[in-house]
Amino acid sequence: MLTAEQNDYLCRTDKGTPMGALFRRYWVPVLLAEEVAEPDGPPVRVKIMGERLIAFRDTKGRIGLISEFCKHRGVSLYFGRNEECGLRCAYHGWKYDVDGKCLDVPQEQGTGYERTIQLTAYPCIEQGGVIWAYMGSPEARPAPPALEWTVLPPEKTFVTKRLQECNYLQAMEGGIDSSHVSWLHSHNLHRDPMFVGSKGNQYNMQDPNPVFEVADAPGGLYVGARRNAEADSYYWRITQWIMPWYTIIPPRGDHPFGAHAWVPIDDESCWAWSINYHPHKPLTGKQREAMTNGAGIHVRYVPGTYIPLANKSNDYLIDRQAQKEGRAYSGVDGIAMQDASLQESMGPIQDRTQENLVSTDNAIIMMRRRLTRAARELEQGKTPPALAPETQRVRSVSLVLPRDVKFEEAARDVMRAEPDVPVASV
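None of these values were measured; they are calculated from a predicted model.

A. Spotlight on the overall build of the protein. Within the protein, the regular secondary structure consists of eleven helices and 18 strands. Taking 22 Å as the expected radius of gyration for a compact globule of 426 residues, we find that the protein reaches 23 Å, a close match to that expectation. A principal-axis box enclosing the C-alpha atoms of the protein has dimensions of 85 × 50 × 45 Å. Out of the 426 residues in the protein, the part that is buried amounts to 58%. A separation threshold of at least 6 residues defines the contact pool for the protein, and within that pool the share at least 24 residues apart is 60%. Accessible surface for the protein amounts to roughly 18,200 Å². Of this, 50% is attributable to carbon and sulfur atoms. Charge-centre separation for the protein: the mean point of 48 positive side chains lies 1 Å from the mean point of 53 negative side chains.

Structure, rendered in structure tokens:
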């Protein structure tokens, strides 16, 4: 368990907090590109790590991410006019560009007063169907994201996001905990179109209590979950956790990879990003239709929003009869919301002073230590890990190995995310 102080250190990410300072040294996924697709289109509210911002695409197609509030009287620029390479406040006409520079103060024409006004602005790039922002010190700006899904062509990827009403940490901890799959998701492994047909499903169900072996990786952790397979072998699912908030889920059979990112909105909510991708072939129309309809790690939405249709306000549409009859282990439909319903049930910020961890929680323990150490080292002026592109070019794998073989050694080559490396999956 953690002390209350340790829990706060990990969970608080607003500006001025140690963890917030660490996270701001990485590129942050802030929006789907589709949310600001139109030049001179409507601005979009963005809240990331407690900061209230506005995003917009200007006349030339450039992305701006600036402070939400006009420097004049504090009006929200959400109501502004996106026109002629700038966002103009609807109250008194003050205008700002994508760099936060004030271009016009109509009440002070000819005085140069506008040159004294500057909004907070963060540089953005568009990659992998996502708008990314860098919110740290300009001189420490890292190379663009190099996660495999961010550099594949659109036909090989499917990216969504959803609101999750809890702190990022308890959501991410669920993402690296493979032991719950044989319980919570047991009824999905043989029914969900993004999982069916994998021999690995059989191993999951016949051995619901995996042994975890966790090893440090250059960019985070290798999380190895070992289950019994045939007489002289183990079934391994090796998940990558990559600093500061990414996971890659091993594929099942010939299905695509899954991946997640959990990005704090504030201390009590986060964006859960869900990605499917295949490095060697396009995703099929059937797969895309299934994912759009909430299959696999995706969800159906409240129309016009990124709020899951099954959510806290309606008890996640839990079906107690299906639970009782054994048609759904928890009674909640869909893998993503099965996870979210239980993670949100812990409260906005889990009280980790009351937890009782066991051996299958080793990955969670090591992840907390890695984050804490990185934040403390940053306070001492050291560079955070996993900023170099090569630390992000990795894959997760599932494979059957002889019992006397160490998974890190056997999987080293197939965990490289290179075009000539085949996918290793069972």
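On we go.
B. How the structure looks around the sheet that holds strand E2 (residues 44-48). If you trace the three strands from one edge of the open sheet to the other, you get E2-E3-E4, paired in antiparallel fashion. Bordering the open sheet on either side are E2 and strand E4 (63-67), each of which pairs with just one other strand. On average, adjacent strands in this sheet sit at an angle of 35 degrees to one another, irrespective of strand direction. In terms of strand pairing, strand E3 (residues 51-57) meets E4 through five bridges, oriented antiparallel. Opposite phenylalanine 56, over in E4, you have glycine 64 as the bridge partner.

C. Region of interest: the sheet that holds strand E5 (residues 81-82). One open sheet holds the four strands; their spatial order is E5-E6-E7-E8, and the pairing between them is antiparallel. Single-partner strands in this sheet number two, and they are E5 and strand E8 (102-104).

D. Structural view of the pattern of salt bridges. Under the criterion given, the structure shown has 21 salt bridges. Between glutamate 68 and arginine 52 there is a salt bridge, with its nearest N and O atoms 3.0 Å apart. Here arginine 52 lies in strand E3 and glutamate 68 lies in the loop between E4 and E5, a separation of 16 residues in the sequence. Assessed through its relative accessible area of 3%, glutamate 68 is described here as buried. Judged by relative accessible area, which is 44%, arginine 52 ranks as partly exposed.

E. Structural view of helix H8 (residues 335-345). With nine of eleven residues buried, H8 lies mostly within the body of the structure. Regarding H8, the residues found buried are Ile335, Ala336, Met337, Gln338, Asp339, Ala340, Ser341, Gln343 and Glu344. Positive phi shows up at glycine 347, right after H8, with a value of about 100 degrees.

F. Examining the nonpolar core more closely. Met19, Leu22, Ile48, Trp149, Met172, Trp273 and Leu371 are the most contacted members of the largest nonpolar core, which has 76 residues in total. The leading source of residues in this core is helix H9 (residues 362-379), at seven residues. Ignoring any residue separated from it by four or fewer positions in sequence, one finds methionine 19 in contact with Tyr9, Leu10, Arg12, Thr13, Tyr168, Leu371, Thr372 and Ala375. Of all hydrophobic cores here, the second largest spans 14 residues; its members include Ile66, Leu77, Cys89 and Val98.

G. Structural context of the pairing of strand E14 (residues 233-242). Counting buried positions over the ten residues of E14 gives ten, a clear majority of the element. Neither face of E14 is left uncovered, since the one carrying Ser233, Tyr235, Arg237, Thr239 and Trp241 and the one carrying Tyr234, Trp236, Ile238, Gln240 and Ile242 both have all their residues buried. Sheet topology places strand E13 (residues 220-228) next to E14; nine bridges connect them, and they run antiparallel. By the bridge assignment for E14, leucine 221 is matched with tryptophan 241.

H. Structural detail: the side chain of serine 396. Residue position: serine 396 is located in the loop between helix H10 (389-392) and strand E18 (397-402). At a separation of 3.2 Å, a polar atom in the side chain of serine 396 contacts the main-chain carbonyl oxygen of isoleucine 238. At 2.9 Å, the side chain of serine 396 and the backbone nitrogen of glutamine 240 are in polar contact. Sequence-distant contacts of serine 396, that is, excluding residues within four places in its chain, are made with Ile238, Thr239, Gln240, Ile248, Ile249, Pro250, Pro251 and Phe257.

I. Representation of the packing of aromatic side chains in the model. Evaluated as defined, the whole model comprises eleven aromatic pairs. Consider the rings of tryptophan 236 and phenylalanine 407, whose centres lie 4.9 Å apart with planes at 35 degrees: the pair is tilted. Of this pair, tryptophan 236 sits in strand E14 while phenylalanine 407 sits in helix H11 (residues 407-410), placing them 171 residues apart in sequence. On the accessibility criterion, tryptophan 236 (2% relative accessible area) is buried. Here the aromatic cluster, defined as three or more aromatic residues joined through ring pairs, consists of Phe23, Tyr168, Trp245 and Tyr246. Over the face of the ring belonging to tyrosine 78 we find arginine 45, whose NZ or CZ atom lies 3.6 Å from the ring centre. Directly above the aromatic system of tyrosine 9 lies the positively charged group of arginine 376, at a separation of 4.1 Å from the ring centroid.

Conventions used here
Residues numbered from 1 in each chain as written. Predicted model: local features only at pLDDT ≥ 70, side-chain atom pairs only at ≥ 80, totals over all residues. Heavy atoms only, no water. Helix = DSSP H or I, 4+ residues; strand = E, 2+ residues; numbered from the N terminus. Rg over C-alpha atoms; globule rule 2.2 N^0.38 Å. Buried < 20%, exposed > 50% of the residue type's maximum accessible area, 1.4 Å probe, protein only. Contact = heavy atoms within 4.5 Å. Areas by Shrake-Rupley, 256 points an atom, 1.4 Å probe, with all protein chains shown as cover. Lys, Arg positive; Asp, Glu negative; His and termini not counted. Charge placed at Lys NZ, Arg CZ, Asp CG, Glu CD. Pairing = 2+ DSSP bridges. Axes fitted to C-alpha atoms, helices over the stretch in contact; angles between N-to-C directions. Salt bridge = Lys/Arg side-chain N within 4 Å of Asp/Glu carboxyl O. Core = buried A, V, L, I, M, F, W, Y, C linked by side-chain atoms within 4.5 Å. Polar contact = N/O pair within 3.5 Å; in protein donor to acceptor, adjacent residues only side chain to side chain. Phe/Tyr/Trp six-rings, centres within 6.5 Å; stacked < 30°, edge-to-face > 60°. Lys NZ or Arg CZ within 6 Å of the ring centre and 35° of its normal.

Read these as layout, nothing more, since geometry by itself doesn't imply function.
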